[in-house]
Every structure is written in C-alpha cells, then in structure tokens.
Amino acid sequence: MNRRISKTVLLSLLLLCGVSQKGKTQDVIFDLQECLQYALQNSYELHKAKFETQEAEARHREAKSELLPRLNGSVSATDNVKLATSMFPGDMFGMPGEYIGVEMGVKYGAAAGLDLEQVVFDAGLFTGIKMSKNARELAELKSSMTEEEMIYNIGNAFYDIMYSQNLLKNSMETLIIMDSIYNMMALQVMHDVTREIDLNRMKVNISNMKVDIQKTRATFSQQMNCLKVLMGMPLEYRFLAGGEMQLPSIEQLSTDNSNGNIPNRTELLILNREKNANELEIRQLRQGYIPILSLTGSLGYNFENEKLTLGNSQFWSNPIAFGLTLSVPIFDGAARHYRIRRSQFRLRQIEEDIRQQQQTVQSDLQNARLQLQVNSRSATAQQENMQVAEKSYKQGIMLYEEGLYSITDLLDTEKSYREAQSAYAYELSNYHKSIIELKKSEGTLNTLLNK
C-alpha cells in the first residue's frame, strides 16, 4: 500500500500535517479505491443500512410465519376455598315464596388443554407476504443507495484533500526556493550588493507564504477528519491521500446515451418499488371484504372433586373439539373505503414523483456531461498556464541571480506561478469531481470501487 513520492515533499507534508508519533513517521498512503474499500467495511451509514435490510428480512419471515398453525397450551389449578352461592326459588325445595342459597361446584378443579388454529384462506394474508417481500427488496435498494451516497461523498472529499495536498506540496517547494534566494540576498546585503529594502520585501513575502501554508494545513486537517468520519475510521489514524490525478480524454469516461434511454438510477428503482408497495396495500385493503376461513381444534383434560385425588380417573373428563370459523365482514362504516381512497391518492403522488425523477435524471446527465467538458477545458488551459508560469519563474530566478532581474519582477513572477499552480490544482480537482458527478448521473458510481 505504500507508494513512492518525492522524499522532500513527503517529509514536508508529514511535518505539516503532524503525522509523526514518538519520533516515528507513518507514511501510509490511501488512494481513492482503498478509501472506498475501507469504508465498505467500516462506514457507520453502511452498517445502519445493513441492519435495516436485516430487519426487513426478519419482517418478511414474520409475515410468512402467519401461514403456519398456531398451537397454544394451558394448565390451571383451582382451590375453591369458599364456593359461590346461587339463589334458587324455594318452590324447588318445598318452601314457596322464598329463595334458597345453594353452594355450587366442588372444592378442587384442574384443567389442561391444547388449542389449535390454522388459517385456511385469507387473501389479505397472502398479499401481506408479498408486501413484506417488497419491503425487503426496498430496504436492499435503499442500502445500495446509501452505498452510492457514500462513494459520492468520499470521492468529493478525497479530491478536496488532494487539492489541499497539492497546494501544500507546491507551497513547500516554492518556500524552499525562496528561502534559498533570501539567504543569498542576505549575503549580498552584507556586501552592499543588494539593498536591504529588497531583502525585507522578500522576508515579508516568505512570511505571508508561511501564513498561507498554515491556513492550508488547518483546512487539510479539517478535510481529513471529515473523510475519516465518512469512512468510519478512527480520527487518530494517520494517512495521506495518494494516486495520480491526470486528464484522461472525455471519450474514455462518458457512455453513449444518444438513444435517449433513461439511466437505471437507484432513485428510480426505489420509487418504482414504493409504487408497487402502494399497489399491494390497495389490494390488501380491498381483500378485507373477502371472508376469512380458519380451522380450529381443542384438546383438554378437566378434573373436579371435593378431594384432591388426581389419580382417580372417574373425576377426569377429556373434551375434544374441531371446527371451522368463517369470518365475514359486513359493514365497517365505510372506513376501509376511505383508507383505499387515501392509498390511491398516495399512489398518484408516487407516479408524479416517478415522472419528475425521470426528467431530473435526464437533466442531471446532460448537465454532468456539459460540466465535464467545461472542467476538462479549464483544467487543460490552467495546466498550460502553469507550465508557462513555471518556465517564466525559473527564467526569472536565473536572471535575478545574474543581476538582470529586479526583486519586484521576481516576486511578481513568483506570485503568478503560485496562482497558476493553485488554479491548476483547483481545476484538476474539479475535473475529477465532475467525473464522479457524471458517474452518479449515469448510475455507475460502483465502478469507482474497481481499480
């Protein structure tokens, strides 16, 4: 995983970023694919999405379990310390006109039994299983959407960091050169070859450059922390972003979509799955008008006696029963009718969302392709500008050392070179971010996982 880069630049960056522990420098370098692979295993958002998918799978299995029989057992024992008294007319006992209280029952009772219920036909139940399966597939799509968002966010954060690293590298290289010139000027001032005012101007320029480096360093640290949170990496872990940032031809990046087909974006798949869920909900509500048929059965053992003689079989009874239960909905106050109407309105909203999303996807694709072309041209132009500025800067140093170039002209040339470097690094970063935007609009973000 370690890669070779300029030792001077690497050491400078590591010192600037504080990547040293107890005198030992860590030079771990992650490219974009390695950042994404790490995030696939450690991202907090992906972990949560995985749990949601597992929860949806559990709900689906729960719905399927409704087809299985329900078997319940029960055991009870009763000691009637004082029996209940029931009132009977006295005519039954030869005492007309009065009521006689008679204790009913026996002192001890016990019961044990099994109850069985099996759904034979329930149209809504079968539709509910389809709904839970659809919910599971929807959770899987949302998990894929979370992964795509993770790739998109990490990709943009990664190239922001690459931009900051390039700024640090360029600034450190320029600072080394300017320090060398400053030391040479200090000797010339001692021998009255160069004016002290020119030396002071160089000192101010170097001081401003160091301030800019400290600001870039702070920005870099903040960007690294954001990237680590996205990746699910501990903040104390240290690494640098690496990899080549080149300008490949646009033809190698964009797929041909001239036939006008809409990319198979996850957002559209999610909306279609939500539409299917709503249609199933309407079907299930309508099936609520269909009768439900169930098979029931019970097996029991009952004991009743004045004494607790459980072993005597004459005090035990063994009731057994089987039956069919048909539940027929007759009138619910039209509540189900209005629930169906509500679901139908939601379905129409989802259909509008699908049409809007289809147009948005096409618009995003066209805009991404246009932005990629603009950023490609801008990066190419800034690359040429930087090369010209670098040549002028090196020539200016040579002329200054020969006494043919003023300090003012040298500082102006150095400023132009630094601005050109910054502009090129910025446009190059934007170019690679526009590649990510194009892949997102095409629905091919997952290709960034492959080297």
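Our subject in this report is the structure included herewith. (Residues numbered from 1 in each chain as written. Predicted model: local features only at pLDDT ≥ 70, side-chain atom pairs only at ≥ 80, totals over all residues. Heavy atoms only, no water.)

**Some thoughts on the pattern of salt bridges**
All told, the structure shown has 18 salt bridges when counted by the stated rule. As a salt-bridge pair, Arg 273 and Glu 137 come within 3.0 Å of each other at their nearest N and O atoms. One end of the pair, Arg 273, is in helix α6 (residues 266-286); the other, Glu 137, is in helix α4 (residues 123-190), and 136 residues separate them in sequence. On the basis of relative accessible area, Arg 273 is assigned to the partly exposed category, the value being 26%. Owing to a relative accessible area of 23%, Glu 137 belongs among the partly exposed residues under this scheme. The partner of Glu 267 in a salt bridge is Arg 265, with the nearest N and O atoms 3.0 Å apart. A relative accessible area of 17% places Glu 267 in the buried class. Since its relative accessible area comes to 4%, Arg 265 is described here as buried. What you see here is one network of salt bridges that share partners, running through Glu 57, Arg 61 and Arg 136. (Salt bridge = Lys/Arg side-chain N within 4 Å of Asp/Glu carboxyl O. Helix = DSSP H or I, 4+ residues; strand = E, 2+ residues; numbered from the N terminus. Buried < 20%, exposed > 50% of the residue type's maximum accessible area, 1.4 Å probe, protein only.)

**So, the nonpolar core**
Residues Ile 154, Met 202, Met 231 and Phe 239 are the most contacted members of the largest nonpolar core, which totals 54 residues. Of all elements in the fold, only β3 (29-30), α2 (32-42), α4, α5 (196-231), β8 (240-241), α7 (335-401) and α8 (407-442) reach the threshold of two or more residues within this core. Take this core: its biggest share by element is 16 residues, from α4. Ignoring anything within four residues of it in the chain, the contact list for Met 231 reads Phe 30, Cys 35, Tyr 38, Ala 39, Asn 42, Ser 43, Ile 154 and Phe 239. (Core = buried A, V, L, I, M, F, W, Y, C linked by side-chain atoms within 4.5 Å. Contact = heavy atoms within 4.5 Å.)

**What about α4?**
An ideal rise of 1.5 Å per residue puts 100 Å on 68 residues; α4 measures up with 100 Å between its terminal C-alpha atoms. Two to three positions downstream of the cap, the backbone nitrogen of Gly 124 sits 3.2 Å from a side-chain oxygen, assigning the N-cap of α4 to Asp 122. With its phi angle positive at about 60°, Asp 192 sits one or two positions after the end of α4. (Expected span 1.5 Å × (residues − 1). Polar contact = N/O pair within 3.5 Å; in protein donor to acceptor, adjacent residues only side chain to side chain.)

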